[in-house]
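# Results of the structural survey
Chain residues, written in single-letter form:
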Amino acid sequence: MAFCTQCGAAMSGDEVGLHKKIVNRGAVEFRCPVCLSAHFKIPVEELRHMIERFRKQGCTLFAPQAEKEGNRDAG
Ligand SMILES: [Zn+2]
């Protein structure tokens, strides 16, 4: 489980993946979509869409749709 370094919110694997994707792939500290939204001036809704888009592209930072519930800590 990761927590946002800015506001302390608990983050899902997808949210960690989003940070890695748009900030730094090698990041060890992460920010939640709300804080990324404020930083990049991108609506949270758009960030959620980006997660889905990256997932559909097969990006390994995001859990495949079918395994989202049961297999979230894999890898
Ligand atoms: Zn935050």
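Refer to the structure above for everything that follows.
Reading the values: the criteria
Residues numbered from 1 in each chain as written. Predicted model: local features only at pLDDT ≥ 70, side-chain atom pairs only at ≥ 80, totals over all residues. Helix = DSSP H or I, 4+ residues; strand = E, 2+ residues; numbered from the N terminus. Buried ≥ 20, exposed ≤ 12 C-beta atoms within 10 Å, placed from the backbone. Contact = placed C-beta atoms within 7 Å. Axes fitted to C-alpha atoms, helices over the stretch in contact; angles between N-to-C directions. Parallel < 35°, antiparallel > 145°, perpendicular 65-115°, else oblique. Left-handed = near helix turned anticlockwise from the far one by under 90°.

### Some points on the overall build of the protein
Check the secondary structure of the protein and you find 3 helices and 2 strands. Its helices and strands taken in sequence order, the protein reads β-β-α-α-α from the N to the C terminus. Relative to its full complement of 75 residues, the protein shows a buried share of 16%. Sequence separation of at least 24 residues holds for 44% of the intrachain contacts in the protein that already meet a minimum separation of 6.

### Notes on helix H1 (residues 13–22)
For H1, the set of buried residues is Glu15, Gly17, Leu18 and His19. At its buried positions, H1 is contacted by strand S2 (10–11), helix H2 (33–40) and helix H3 (44–56).

### A look at the environment of aspartate 14
Within the secondary structure layout, aspartate 14 lies in helix H1. Put simply, aspartate 14 and arginine 55 are 41 residues apart on the chain and 9.0 Å apart in space, counted from C-alpha to C-alpha.

### Focus on the environment of glycine 8
Note on placement: glycine 8 falls in the loop between strand S1 (2–3) and S2. Each C-alpha atom, one on glycine 8 and one on cysteine 32, is 8.5 Å from the other, the two residues being 24 residues apart in sequence.

### Thoughts on unusual backbone geometry
Even without a glycine there, the phi angle at lysine 41 is positive, about 60 degrees. Classification of lysine 41 by C-beta neighbours within 10 Å gives exposed; the count is 7.

### Here we look at the packing of H2 against H3
In contact at an axis separation of 9 Å, H2 and H3 are set at 115 degrees when each is read in the N-to-C sense. Considering their axes alone, H2 and H3 lie roughly perpendicular with respect to each other. For H2 against H3, the interelement crossing comes out right-handed. Each of Pro33, Val34, Leu36 and Ser37 in H2 lies in contact with H3, whose residues at this interface are Val44, Leu47 and Arg48.

### Structural notes on the packing of H1 against H3
Relative to each other, H1 and H3 sit at 90 degrees, their axes nearing to 10 Å. Between H1 and H3, the interaxial angle falls into the category roughly perpendicular. Within the contact between the two elements, H1 uses Asp14, Leu18 and Lys21 and H3 uses Leu47, Met50, Ile51 and Phe54.

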